[in-house]
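Secondary and tertiary structure notes
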Amino acid sequence: MSAVGVAVLGLGVALLALPGPGFLVIALGFFVLSLEYEWARRQFEQARRRAADLADQAAASVWSSAFTILFGLGMIAVGILWIVVETLPFSSPWTGGSVVFGGLVILSTILFSLWQAKQARDAGEPTPAELLDLKEEEHHRRVSATSSSTSAPPGAPPTSSTDE
């Protein structure tokens, strides 16, 4: 399983420079590796949190959503041109198909994010990114409470981070 995860991660890194959804493939590589390694699980959670934040930001603004949708459609159009017009540099079905695939990933991601945010707001619940932020804040509070209770000498009064 490690070899598969490393291969997928390497492909994702290559796709950062080549046309294609590099960040998505990198996240997939970390997911595969997270099945065996704790460090990869932490990296995957960080990537997932960042993706949820970006998706919420894109879905939060009409202009941002419109730009993202237009960008995805533009990638599809450019990809089709790269397939059809043989005189373009690096023109091939592989290059064009990769760009089309990247555009489809962008479109499906923004549309899913818009749908997910709308469902959460209609139900009066926090969005997925807000849930991840709340979970992280709770984790930091627990870690802070644990470290402050263990770092104080015995008999010392409890300290608060709001004291100045």
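Predicted, not measured: the structure shown is a model, and the values here were computed from it.

Over its 16 residues, helix 1 (residues 2-17) extends 24 Å from the first C-alpha to the last, a length consistent with the 22 Å expected when each residue adds 1.5 Å. Buried within helix 1 are the following residues: Gly5, Val8, Leu9, Gly12 and Leu15. In a view along the axis of helix 1, the buried residues occupy a sector of 120 degrees, so they form one face of it. Residues of helix 1 that are exposed and angled more than 90 degrees away from the buried face: Ala3, Val6 and Ala17.

This next bit is on the packing of helix 4 (residues 62-84) against helix 5 (residues 93-122). Across the interface, helix 4 lies against helix 5 with an axial gap of 7 Å and an inter-helix angle of 160 degrees. Classified by the angle between their axes, helix 4 and helix 5 sit roughly antiparallel to one another. In this structure, helix 4 meets helix 5 at a crossing whose hand is left-handed. Here the residues of the contact of helix 4 with helix 5 sort into 18 nonpolar, nine polar and no charged.

Within this structure, the stated rule accounts for five salt bridges. A salt bridge links Glu38 to Arg41, with the shortest nitrogen-to-oxygen separation between them at 2.5 Å. Separated by three residues within a single helix, Glu38 and Arg41 lie in helix 3 (residues 38-60), roughly one turn from each other. Owing to a relative accessible area of 34%, Arg41 belongs among the partly exposed residues under this scheme. Residue Arg141 is joined to Glu137 by a salt bridge in which the shortest nitrogen-to-oxygen separation is 3.7 Å. Highlighted residues: Arg141 and Glu137, both in helix 6 (residues 128-151), separated by four residues, approximately one helical turn. With relative accessibility at 42%, the residue Glu137 sits in the partly exposed group. Here the salt bridges share partners, and the residues they tie into one network are Glu137, Glu138, Arg141 and Arg142.

What follows covers the confidence of the model for the chain. Per-residue confidence for the chain gives a mean pLDDT of 79; residues scoring 70 or more make up 84%. Mean pLDDT across the secondary structure elements of the chain bottoms out at helix 6, with 76, and peaks at helix 4, with 89.

In terms of nonpolar packing, the biggest core is built from six residues, these being Leu9, Ile26, Phe30, Leu33, Ala40 and Phe44. Breaking this core down by element, the ones donating at least two residues are helix 2 (22-34) and helix 3. Not counting residues up to four positions away in its chain, the partners in contact with Phe44 are Ala27, Phe30 and Phe31.

With 30 residues, helix 5 should reach 44 Å at 1.5 Å per residue; the first-to-last C-alpha distance of 42 Å fits that figure. Following helix 5 by one or two positions, Gly124 has its phi on the positive side, about 70 degrees.

Let us look at the packing of aromatic side chains. One pass over the structure, following the stated rule, counts five aromatic pairs. Taken together, the ring pairs in this structure connect Phe30, Tyr37 and Trp39 into an aromatic cluster.

Parameters and conventions
- Residues numbered from 1 in each chain as written.
- Predicted model: local features only at pLDDT ≥ 70, side-chain atom pairs only at ≥ 80, totals over all residues.
- Heavy atoms only, no water.
- Helix = DSSP H or I, 4+ residues; strand = E, 2+ residues; numbered from the N terminus.
- Expected span 1.5 Å × (residues − 1).
- Buried < 20%, exposed > 50% of the residue type's maximum accessible area, 1.4 Å probe, protein only.
- Arc of directions from axis to C-beta.
- Axes fitted to C-alpha atoms, helices over the stretch in contact; angles between N-to-C directions.
- Parallel < 35°, antiparallel > 145°, perpendicular 65-115°, else oblique.
- Left-handed = near helix turned anticlockwise from the far one by under 90°.
- Nonpolar A, V, L, I, M, F, W, Y, C, P; charged D, E, K, R; others polar.
- Salt bridge = Lys/Arg side-chain N within 4 Å of Asp/Glu carboxyl O.
- pLDDT = per-residue confidence, 0-100.
- Core = buried A, V, L, I, M, F, W, Y, C linked by side-chain atoms within 4.5 Å.
- Contact = heavy atoms within 4.5 Å.
- Phe/Tyr/Trp six-rings, centres within 6.5 Å; stacked < 30°, edge-to-face > 60°.

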